[in-house]
2 protein chains.
Amino acid sequence: MSEPANPRPTLAAVAALAGVSASTASLVFSGAGPVSEATRARVREAAAALDYAGPDPTARSLRRGRTGVIGVVTEDRLGEAFRDPINLALLDGLGEELADEGYGLLVLPWSGPAGVDLSAAPMDAAVLLGCSADLARSVEALQRRRIPLVAIEAPALPGVVGIDLDNAEATRRGATLLRELGHERVALVTLPLDLDRTRGPLTPEREAAGSAFTAAERIRGARSVFPDTAGISAAGSSVAEGHAAGLALLGGDPAHRPTAIIAQSDLLAAGVILAAEELGIAVPDQLSVLGFDGIRLDGITTHRLTTLVQPAIEKGRAAGRAVREALAGGAPSSVAFVSSLRVGTTTAPAP
Amino acid sequence: MSEPANPRPTLAAVAALAGVSASTASLVFSGAGPVSEATRARVREAAAALDYAGPDPTARSLRRGRTGVIGVVTEDRLGEAFRDPINLALLDGLGEELADEGYGLLVLPWSGPAGVDLSAAPMDAAVLLGCSADLARSVEALQRRRIPLVAIEAPALPGVVGIDLDNAEATRRGATLLRELGHERVALVTLPLDLDRTRGPLTPEREAAGSAFTAAERIRGARSVFPDTAGISAAGSSVAEGHAAGLALLGGDPAHRPTAIIAQSDLLAAGVILAAEELGIAVPDQLSVLGFDGIRLDGITTHRLTTLVQPAIEKGRAAGRAVREALAGGAPSSVAFVSSLRVGTTTAPAP
DNA sequence: TTGTACGCGTTATCAA
DNA sequence: TTGATAACGCGTACAA
């Protein structure tokens, strides 16, 4: 006398128990269409009796042609991708525009051939978060599915809505400030150049082989002011990485050591400052440090970082709105955001 | 002469073009079943000609009864939930066990009635991340769907696999250390007590009304050593919140001010230390600080925090494994993890 | 090795 | 206001 398995009841079962047709029962749950109070009550009763959870999402998706899911394609391991405050802000913005509208966000860590199969994940649209590397391949796989695609800071691609940032121009403005302060020996601490994310000195070969769009753009902006600037590419956007890069750049002969460092993120910049302090190099008197992002650095440093503030949440919102517009049948256009230079206490005239 | 719309081709269309039946074409894409090289090639060709992206995920899900999606139910706004390093570590662990197996993670921010509809999201199983509040209601909605449920640090619930932590016992061990060091005036800085997340002094009313399981357990552990300990509940797990709480607790008369503070997270503890330093209170000589979590505090503080190290990634992995086991037809059992006290440089004998 | 038949659980359309 | 019918796009017995 074993308890019978209790399989998921179907709409048909509920309808049968209520003594109505499946289509009528469907109306009760979807709310679309006129149903008499009496039958509505009977159907609800039957549903309760069977412990019916409502229409099966998969069947509904198939029938309606919509899943209510938006894919968010990230390049990294999951935790890694979301350790970047900028991506978190983006997620917040996306959430405001999408999750609050009832969409779920399907996070798809995708690095090249590994990871989730982009062509098999159920979704109505996709947002590409940090996929500048190998972007083309993932876009290709997704475009075949005829779903709207939104890419954050990626090279322009036909049929893909871009949410862009003035990475080169903004960095150029920051570099110009340093130049005006008299700096000549300037070094770079960049974001990872590619999927490998290995820390190491910038070389023409490594830069050429790099696939990270944002990093490359910011390098370009810096070089437009300091043409031959060298530096180090970090293995991630973190205080620890900035610290390591800072030690490497600042450990040498004081006469030749850089008087300013352009870091490609605020976390990297904070790490550089930490390294400088450890080495007894005063910021900003002996070393100016420029960041990028404009995030809050609670507790990490007491300096007010000079940095390029980017509208990260706005970028997420714009991406979310683009998705909604596309799903509504519209043809959203790309958006370009601009960063603003916020001068803090980490930049000063060259010593 | 407008370009005709290019609708998503179906498997049937591909089959037709290739001159085979739909079922044969299906075999080509699923790989299951023997197909001659010749027909396989013809089907692939037809698919290429039509720019076919592969079987429709939704239809496939309906037919197979699996979506390949695991829901991750979070309590907060998205960015907020992932700003907690512990949740990030959990996500990493989950990713290792699930994303690497091809599952996508569907992030569902759910706070009470608002947010995504849990009964409408397509998923094969769900992991409840920080849903101790209002847990019962979300579990109810999900259990009707007959999908496996895994809850991280939640009150035991029938039919839900628990991934638990010794929050009370671990805190008790930390508190015991403080007691042995001679501390008597001890204050708490707790995680948010409920969904409201308002910062404020602990009162019996607020504690009773609180719904956050982890916070309550850790309070319980602390009180088992210091029965009447009061304190402040933070509005989140961040350095800034810890800082604010620290200022409030330490600003008073030195003769009555606490000599030790038990913070319920490392970020809160770091904030408390910052506040103490601002007030000229030396850590650990004049104030001992205890954290919880055992995360890396790169750059935030130079102290080595005395804290309770919890195996966060392991928790995520365990949750992922439980999901896989349940999906494979097994009956995974709950797992209880233990934290270990790591004594650093932020605790010392009471002054 | 290939094709036929059927159903997965819904919802849209239309007629009653 | 309700019900019958037909898809949605695919996978899987089973038969050929």
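Conventions we followed
- Residues numbered from 1 in each chain as written.
- Chains lettered and ligands numbered in written order.
- Predicted model: local features only at pLDDT ≥ 70, side-chain atom pairs only at ≥ 80, totals over all residues.
- Heavy atoms only, no water.
- Near = heavy atom within 4 Å.
- Polar contact = N/O pair within 3.5 Å; in protein donor to acceptor, adjacent residues only side chain to side chain.
- Helix = DSSP H or I, 4+ residues; strand = E, 2+ residues; numbered from the N terminus.
- Least-squares fit on C-alpha atoms with pLDDT ≥ 70 in both.
- Nonpolar A, V, L, I, M, F, W, Y, C, P; charged D, E, K, R; others polar.
- Domains from an automatic or database assignment.
- Buried < 20%, exposed > 50% of the residue type's maximum accessible area, 1.4 Å probe, protein only.
- Contact = heavy atoms within 4.5 Å.
- 1 Å grid on protein atoms, 1.4 Å probe; cavity = no way out; pocket = protein on both sides within 12 Å on 5 of 7 lines; lining within 4 Å.
- Points joined across faces, edges and corners; volume = space filled by probe spheres on them.
- Phe/Tyr/Trp six-rings, centres within 6.5 Å; stacked < 30°, edge-to-face > 60°.
- Lys NZ or Arg CZ within 6 Å of the ring centre and 35° of its normal.
- UniProt positions renumbered as here; feature names shortened; annotations may be inferred.
- Pairing = 2+ DSSP bridges.
- Axes fitted to C-alpha atoms, helices over the stretch in contact; angles between N-to-C directions.
- Core = buried A, V, L, I, M, F, W, Y, C linked by side-chain atoms within 4.5 Å.
- Parallel < 35°, antiparallel > 145°, perpendicular 65-115°, else oblique.
- Left-handed = near helix turned anticlockwise from the far one by under 90°.

Within an unreviewed UniProt entry, the label attached to chain A reads LacI family DNA-binding transcriptional regulator, and the organism entered is Protaetiibacter larvae.

**Q** Explain the protein's contact with DNA strand C residue by residue, including any values.
**A** Near DNA strand C lie 22 residues; those nearest to it are L11(A), S26(A), Y52(A), R63(A) and S23(B). For DNA strand C, the backbone portion of the atoms within 4 Å of the protein, that is sugar and phosphate, comes to 65%. At 2.7 Å, a backbone N or O of S36(B) approaches a phosphate oxygen of DNA strand C. T39(B) has a polar side-chain atom sitting 3.0 Å from a phosphate oxygen of DNA strand C. Contributions of two or more residues to the surface near DNA strand C are made by α2 (22-30) and α4 (57-64) of chain A together with α2 (22-30) and α4 (57-64) of chain B.

**Q** Quick one: what's the story with the relation of the copies chain B and chain A, residue by residue and with numbers?
**A** With an RMSD of 0.1 Å, the operation that places chain B on chain A is a rotation of 180° combined with a shift of 0.0 Å along the axis. Expressed as a symmetry operation, the mapping of one chain copy onto the other fits a two-fold axis.

**Q** Now, about unusual backbone geometry: what can you tell me, with residues and values included?
**A** Note the cis peptide between V283(A) and P284(A), where omega equals 5°. Non-glycine residue R197(B) carries a positive phi angle of around 55°. Among the secondary structure elements, R197(B) is positioned in the loop between β6 (186-190) and β7 (200-201).

**Q** Could you give an account of the protein's contact with DNA strand D, naming the residues involved and the relevant values?
**A** Surveying the vicinity of DNA strand D reveals 21 residues, the closest of which are T24(A), S36(A), L11(B), Y52(B) and R63(B). Near the protein, within 4 Å, the atoms of DNA strand D are sugar or phosphate in 58% of cases. At 2.9 Å from a phosphate oxygen of DNA strand D is found a main-chain nitrogen or oxygen belonging to S21(A). Contacts to DNA strand D include S26(B), whose side-chain N or O atom sits 2.8 Å from a phosphate oxygen. Where the surface near DNA strand D is concerned, the elements lending two or more residues are α2 and α4 of chain A together with α1 (11-18), α2 and α4 of chain B. Element by element, the count of residues in the surface near DNA strand D is highest for α4(B), at three residues. Partitioned by chemical class, the residues of the surface near DNA strand D number nine nonpolar, eight polar and four charged.

**Q** Residue-level account of the domain arrangement of chain A, with values.
**A** Domain annotation of chain A identifies domain 1 (11-55), domain 2 (69-165 + 312-337) and domain 3 (167-311). Look at where the C-alpha atoms of domain 1 of chain A and domain 3 of chain A centre, and you get two points 62 Å apart.

**Q** Run through the environment of F226(B), naming residues and quoting values.
**A** Residue and element names in this part refer to chain B. For F226, the position within the fold is in the loop between α10 (213-223) and β8 (231-233). Its relative accessible area of 7% is what places F226 among the buried residues. Residues F226 and L178 lie 48 residues apart in sequence; the distance between their C-alpha atoms is 9.8 Å. Setting aside anything within four residues of it in sequence, one finds F226 in contact with A175, L178, R179, H183, E184 and V186.

**Q** Which residues make up empty space enclosed by the protein, and what values go with them?
**A** Going through the model one piece at a time under the given rule, you end up with two cavities of 30 Å³ or more. Here the largest cavity defines a volume of roughly 40 Å³. Those elements that place two or more of their residues in the lining of the largest cavity are α4 of chain A together with α4 of chain B. Top contributing element to the lining of the largest cavity by residue count: α4(B), with three residues. Tallied by class, residues from the lining of the largest cavity come to three nonpolar, six polar and no charged. In this structure, the second largest cavity occupies an estimated 30 Å³ of space. Lining the second largest cavity, in full, are T171(B), R218(B), I262(B), A263(B), Q264(B), L290(B), G291(B), F292(B) and L308(B). Residue classes in the lining of the second largest cavity are distributed as five nonpolar, three polar and one charged.

**Q** Mind laying out the packing of aromatic side chains, listing which residues take part and the relevant values?
**A** Counting across every chain of the model gives three aromatic pairs over all chains. A ring pair is formed by F29(A) and Y52(A), whose centres lie 5.2 Å apart and whose planes are at 65°; its orientation type is edge-to-face. Of this pair, F29(A) sits in helix α2 while Y52(A) sits in the loop between α3 (37-50) and α4, placing them 23 residues apart in sequence. On the basis of relative accessibility, which here comes to 23%, the residue F29(A) falls in the partly exposed class. Taking relative accessible area as the criterion, Y52(A) reaches 7% and is therefore assigned buried. R179(B) extends its terminal NZ or CZ atom over the ring of F226(B), reaching a point 5.5 Å from the ring centre. Over the ring of F292(B) we find R218(B); its NZ or CZ atom is 3.6 Å from the centre of that ring.

**Q** Describe the UniProt feature "domain: HTH lacI-type" (unreviewed entry) in chain A, listing the residues and the values that go with them.
**A** UniProt tags residues 9-64 of chain A as "domain: HTH lacI-type" (unreviewed entry). Between the C-alpha atoms that bound residues 9-64 of chain A the distance is 20 Å, and the span itself is 70% helix and 0% strand.

**Q** Go over the sheet that holds β8(B), please, and point to the residues and values.
**A** Residue and element names in this part refer to chain B. Read from one edge to the other, the open sheet built from five strands follows the order β7-β8-β6-β9-β10, with strand pairing classed as mixed. Of all strands in the sheet, those bounded by a partner on one side alone are β7 and β10 (288-290). Relative to β8, β6 is paired through three bridges, and the arrangement is parallel. Following the sheet pairing, V189 is matched in β8 by I232. Lying on the sheet, helix α12 (residues 266-278) is in contact with β6, β9 (260-263) and β10; it crosses β10 at an angle near 160°.

**Q** With reference to specific residues and values, describe the side chain of S233(B).
**A** All names here are of chain B. When you line up the elements, S233 lands in strand β8. Look at S233 and you get buried, because its relative accessible area is 0%. Within polar-contact distance, the side chain of S233 engages the backbone oxygen of T198 at 3.4 Å. What S233 contacts, discounting residues up to four positions off in sequence, is T190, L191, L193, T198, R199, G200, L202 and R206.

**Q** Pulling in residues and values, what's your account of the nonpolar core?
**A** With 150 residues, the main nonpolar core has I70(A), F82(A), L287(A), I70(B), F82(B) and L287(B) as its most contacted residues. What F82(B) contacts, discounting residues up to four positions off in sequence, is F82(A), L88(A), L91(A), T74(B), L88(B), L91(B), V107(B) and L129(B). Counting residues in each nonpolar core, the second largest holds 38 residues, with L106(A), I147(A), W110(B) and V116(B) among its members.

**Q** Break down the packing of helix α8 (residues 167-180) of chain A against helix α10 (residues 213-223) of chain A for me, with residues and values.
**A** Residues and elements named next belong to chain A. The contact between α8 and α10 brings their axes to 7 Å, and the two run at 40°. It follows that α8 is oblique to α10 by the angle criterion. You can see that α8 and α10 cross each other, and the crossing is right-handed. Taken together, the residues of α10 that come into contact with α8 (itself represented by N167, A168, T171, R172 and A175) are T214, E217, R218, R220, G221 and A222. Looking at the contact of α8 with α10 residue by residue, the class counts come to three nonpolar, four polar and four charged.

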